[in-house]
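Here are the chains, one letter per residue:
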Amino acid sequence: MPAPENRFKSALASGRMLYGCWAGFADAYAAEIVATAGFDWLVIDGEHAPNDLRTIMQQLQVLEGRHSAPVVRLPMGESWAIKQVLDAGAQTLLIPMVESAAQARDLVRATRYPPEGIRGSGAALARASHFAQIPDYTTTANAQICLLVQVETSAGIDALDEILAVDGVDGVFIGPSDLGADMGYPGDSGARAVQDTIRDALARIAASDKAAGILATDHDTALTYREWGAQFLAVGVDVVLLAQAARALMARWRDE
Ligand SMILES: O=C(O)C(=O)C[C@H](O)[C@@H](O)CO
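What counts and how
Residues numbered from 1 in each chain as written. Predicted model: local features only at pLDDT ≥ 70, side-chain atom pairs only at ≥ 80, totals over all residues. Heavy atoms only, no water. UniProt positions renumbered as here; feature names shortened; annotations may be inferred. Near = heavy atom within 4 Å. Polar contact = N/O pair within 3.5 Å; in protein donor to acceptor, adjacent residues only side chain to side chain. Areas by Shrake-Rupley, 256 points an atom, 1.4 Å probe, with all protein chains shown as cover. 1 Å grid on protein atoms, 1.4 Å probe; cavity = no way out; pocket = protein on both sides within 12 Å on 5 of 7 lines; lining within 4 Å. Sits in = over half its atoms within 2 Å of the grid points. Helix = DSSP H or I, 4+ residues; strand = E, 2+ residues; numbered from the N terminus. Salt bridge = Lys/Arg side-chain N within 4 Å of Asp/Glu carboxyl O. Points joined across faces, edges and corners; volume = space filled by probe spheres on them. Nonpolar A, V, L, I, M, F, W, Y, C, P; charged D, E, K, R; others polar. Pairing = 2+ DSSP bridges. Axes fitted to C-alpha atoms, helices over the stretch in contact; angles between N-to-C directions.

The name given to the protein chain in an unreviewed UniProt entry is Hydroxypyruvate/pyruvate aldolase, with the source organism recorded as Roseovarius halotolerans. Here the protein chain is described in UniProt, under the heading Sequence similarities (unreviewed entry), as follows: "Belongs to the HpcH/HpaI aldolase family." Under the UniProt heading Cofactor (unreviewed entry), the entry covering the protein chain gives this text: "a divalent metal cation".

Below you can see the structure in the form of structure tokens.
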């Protein structure tokens, strides 16, 4: 009995368009609600949402077996944190601020058991192995890991071709907000220079053996990014959806 199939990794490899949403409430109940929408993937955000290992695990638990595949984003690509979330059951990781091929190679190694990598062997304690109920988990888990790296600085863009050559990286996600800020356009990822950089980057990623990903909450911008080569395309942020709907509702009654 091998490690569970990573459906997101398989879908990414098939080339199918995959629409996602950020899950930023750091809460299993909220993740369960968003999953009823039918997104192909949900980002359990450990970078900008108040998640910890236990809340990440609880969201992995409620998403198990659902259509929406969990993508866990860590604050940074630390090998100890990668070990913890993989043992908690994550199979797809989104790692921010990747700026070199060397960094990408280190991330690949951190997600794999030896001899391919350095992931610590603690499967008996791990939810991921169904607490050692999957006897050959450590020899089959590597193949089900999906590593998505975020390129979101000028340095990362400059190293993109080398990053794209790293075996074990499955996708490259362009972070428009951070990229815009690093390029000197904080809060304005729509600036011409940023858009030109995003277009070139998505094209280069799509032309490689990796999948291209990005986030756009504006519909027309998301359509443009899809035309430019994005395959795993996040089109919403749950926290923003609730905040905007609540404010609009009160604004309407305030004017009644
Ligand atoms: O830089 C970006 O843009 C991203 O990485 C996406 C955002 O961080 C995400 O938190 C949505 O705001």
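A. Fine view of the site of the ligand. Near the ligand the following residues occur: W22, D45, H48, R73, Q150, E152, G175, P176, S177, D178 and L215. At 3.1 Å from an oxygen atom of the ligand is found a side-chain nitrogen or oxygen belonging to R73. Between G175 and the ligand, the recorded distance is 3.5 Å, taken from a backbone N or O atom to an oxygen atom. Computed on the free molecule, the ligand has an accessible area of 330 Å², of which 84% lies beneath the protein chains in the complex. When atom positions are compared with the pocket grids, the ligand is found to occupy the second largest pocket. Looking at which element gives the most residues to the shell around the ligand, the answer is helix α9 (residues 176-182), with 3 residues.

B. Molecular detail of the pattern of salt bridges. As enumerated under the stated definition, the model contains 11 salt bridges in all. Note that E64 is salt-bridged to R127, the shortest N-O span being 2.4 Å. Of this pair, E64 sits in the loop between α3 (53-63) and β3 (69-73) while R127 is found in the loop between α5 (101-111) and α6 (137-140), placing the two residues 63 residues apart along the sequence. Among the ionic pairs, R119 bridges to D87, the shortest N-O distance being 2.8 Å.

C. Representation of the layout of surface pockets within the structure. In this structure, the largest pocket occupies an estimated 460 Å³ of space. Lining the largest pocket are 26 residues, and of these P4, E5, E64, G89 and Q91 lie nearest its centre. Looking at the lining of the largest pocket, the elements with two or more residues in it are α1 (7-14), α3 and β3. When its residues are assigned to classes, the lining of the largest pocket shows 14 nonpolar, 7 polar and 5 charged.

D. Seen up close, the sheet that holds strand β8 (residues 232-237). The strand order around the closed barrel built from 8 strands is β1-β2-β3-β4-β5-β6-β7-β8, with neighbouring strands paired in parallel fashion. Mean inter-strand twist for the sheet, computed between neighbouring axes without regard to direction, equals 25°. By the bridge criterion, 4 bridges tie strand β1 (residues 18-23) to strand β2 (residues 41-45) in an arrangement that is parallel. Pairing of W22 across the sheet is with V43, part of β2.

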